[in-house]
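These are the residues of each chain, in order.
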Amino acid sequence: MISHPYQIKSMQQYQTDYKQSIEFPDAFWENIASHFVWKKKWDQVCDWNFSEPKIEWFKGAKLNITENCIDRHLDTLANKPAIIWEPNNPEEASRTITYGELHRQVSAVAQMLTNIGVNKGDRVCIYMGMVPELAFAVLGCARIGAIHSVIFGGFSAQSIADRLEDAQASFIITCDGAFRGVKDIPLKSVIDDALIENKTVKKVLVLNRTRIPISMIKERDVWWEDEIAVAEKQLQAQEKFNFPAAEMDAEDPLFILYTSGSTGKPKGVVHTQAGYMVWANYTFINVFQYQPGQIHFCTADIGWITGHSYILYGPLSAGGTTLMFEGIPTWPDAGRFWDIVQKYRVNILYTAPTAIRSLMAFGLKPLEGKNLDSLQVLGSVGEPINEEAWQWFYKYVGKERCSIVDTWWQTETGGIMISNLAGITPQKPAHATLPLPGVLPVLVDEQGNELQGNSISGNLCIKQAWPAAIRTTYADHERCRTNYFATYANRYFTGDGALRDELGNYRITGRVDDVLNVSGHRIGTAEVENAINMHSGVVESAVVGYPHDVKGQGIYAYVIMEDHGHDAQLMRQNIIQTVVRIIGPIAKPDKIQFVKGLPKTRSGKIMRRILRKIAEGETEQLGDTTTLLDPSVVDDIKMGAKLI
Ligand code: PRX
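Our subject in this report is the structure included herewith. (Residues numbered from 1 in each chain as written. Predicted model: local features only at pLDDT ≥ 70, side-chain atom pairs only at ≥ 80, totals over all residues. Heavy atoms only, no water.)

What follows covers the site of the ligand. Close contacts around the ligand come from 16 residues, with Asp406, Thr411, Asp496, Arg511 and Arg522 the closest. In this structure, a nitrogen atom belonging to the ligand sits 3.4 Å away from a main-chain N or O atom of Glu383. Taking Asp496, its side chain carries an N or O atom lying 2.6 Å from an oxygen atom of the ligand. Sorting the residues of the shell around the ligand by element identifies strand S20 (403-407) and strand S25 (506-511) as the ones contributing at least two each. For the shell around the ligand, the residue count by class is five nonpolar, six polar and five charged. (Near = heavy atom within 4 Å. Polar contact = N/O pair within 3.5 Å; in protein donor to acceptor, adjacent residues only side chain to side chain. Helix = DSSP H or I, 4+ residues; strand = E, 2+ residues; numbered from the N terminus. Nonpolar A, V, L, I, M, F, W, Y, C, P; charged D, E, K, R; others polar.)

It is worth spelling out the pairing of strand S7 (residues 147-150) at this point. Across the two faces of S7 the burial is the same, with Ile147 and Ser149 and His148 and Val150 all buried. Relative to S7, strand S6 (residues 123-127) is paired through four bridges, and the arrangement is parallel. The residue of S7 that forms the bridge with Ile126 is Val150. In terms of handedness, the path from S6 via helix H6 (residues 132-144) over to S7 forms a crossover that is right-handed. (Buried < 20%, exposed > 50% of the residue type's maximum accessible area, 1.4 Å probe, protein only. Pairing = 2+ DSSP bridges. Right-handed = clockwise from strand over helix to strand, strands pointing away.)

Moving on, we get to the packing of aromatic side chains. For the coordinates displayed, the defined rule picks out 39 aromatic pairs. Between the aromatic rings of Phe152 and Phe155, the centroid separation amounts to 6.4 Å while the plane-to-plane angle is 90 degrees, which identifies the pairing as edge-to-face. Its end group placed over the ring of Phe155, Arg163 keeps NZ or CZ at 4.4 Å from the ring centre. (Phe/Tyr/Trp six-rings, centres within 6.5 Å; stacked < 30°, edge-to-face > 60°. Lys NZ or Arg CZ within 6 Å of the ring centre and 35° of its normal.)

For the rest of this paragraph, the subject is the environment of Thr472. Structurally, the position occupied by Thr472 is in strand S23 (residues 472-473). The spatial distance from the C-alpha of Thr472 to the C-alpha of Lys240 is 38 Å, given a sequence separation of 232 residues. Other than its neighbours up to four places away in sequence, Thr472 contacts Gly268, Val269, Val270, His477 and Cys480. Side chain to side chain, Thr472 and His477 meet in a polar contact 2.7 Å long. (Contact = heavy atoms within 4.5 Å.)

This is the structure we're talking about:
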């Protein structure tokens, strides 16, 4: 069994480690990195400045992350489960992939990718359901040094087309379809639409999953099953069934993951090899206090950063057993998570507040008779967890004996940044609590002045480089600088607001920019507005968030139409359809209000503050409206809001 020599064992050790990590980061991370497998050790631990920004960790080192996630465990864990896969349909057989089998599968995928022409540095877009082959595909890319860019199944053809173009992707790995609850999502046909105007993609590899009819384009589209059979034969003919892991530079890109910001276009966040690996591993072992042999169930999709770091790279690099679930929490019924916990004796359950809230709505019946004794640690991620959801999770799922870790982090941070460590540092409902070693958070006011002391609130920034910090936004470094490092000099700005309580615990209050968090998914208001504005007859729109019982935030759109004589209900449905086509179902507006005008300042800026208040149901205390070009539009909007 792999041991974790850098697992923090007490509050006192947390304090000492934290202090050392901030005062002597090089010595601290050098020690942790020494527990990984390197093809060549680093010349310098860390070299960074936030002004360019330039962030480099383990400079000069050579490695392959898959050797750290797979090969190094083979001596001790070859017959132990690496991935347990639970299908969407509970009647279908589950699969257990041991470390030995994972090594064979990833080797075969690496050989297959090489056969179809994928080279080191090529961008490979992965658009698959949550099947084990998705994990093999991601790791297969990493094995040969191709840069994976996984796209969540809820994005539309247009969104995929934009991402393919931005990443200049040359290969796609997809499935015919994906099962999610009662749905069968036609992934390949979405890819076909995304490729209509594409000029960079050379090959599309298609895995059979749902067996819906699909079209296969000659020369461009190839079946996974056929190609993998060829690759396996080639490897079998060798002395050892192994595809040699490519030697990667510590700072070579590992993956691109697109995420929304305040502008209309998603950004390709780039993470590199070594720093990301060390951070995913270190945070996994410490936050969840992972013990050898435990079953870790992260309910996220691998299309999001949570899936990258805490279904794949974190648990596998720690020699852990990770559970991958294809379905949804409410199908065949709202007891599905509990059935899975019982079936596999899950020890760690890591999920999102939105999932907890949606399950709370079903009451306690789905929990009845389910044996959840194996659970030891519960985790929350993606959005602020409200106190009611926290208590429900603690009481009814954790039976008041499990720790809850409230983990704050972002796609850009690569791994968990602020969280209690299960059973080691104190938990506090609805608080992410304390920073992990290596993380130096600060709160600043609008002018960027650092706010000292406790019991204060401000904008959350990070002051020191950590190993998995965003390196760049793909093919546009300036965008990375302006988005994250230019608002406040020498600080990484998170876009979140936070409170620091009297003991120094952080509570993340939510985004302070024009980004919504809908069911834990990040959606830029500008992106939704762009999509709405593409609908025929729409003159202008403004999108804001409003509190939503299950989703955390809902999407509220104010829309001006050219012609007012339309059937409002039908027009709403049509606009929603356009948003689904342009972005995907995850960005569907929950409410659409048709308005004659939007509250604008004399310089033409929309006063979103007023729109947010009205969307929240507040019609009296709207603050100062005297600077508006036409204050009367506000009365119209208030009247209209009552009818929504
Ligand atoms: O607003 C914060 C919220 O999710 C945002 C990051 O979204 P994304 O990059 O999609 O990554 C989600 C999974 C890491 C943050 O800016 N957020 C994430 N975790 C928490 C949170 N808000 C409050 N509490 C959290 N634990």
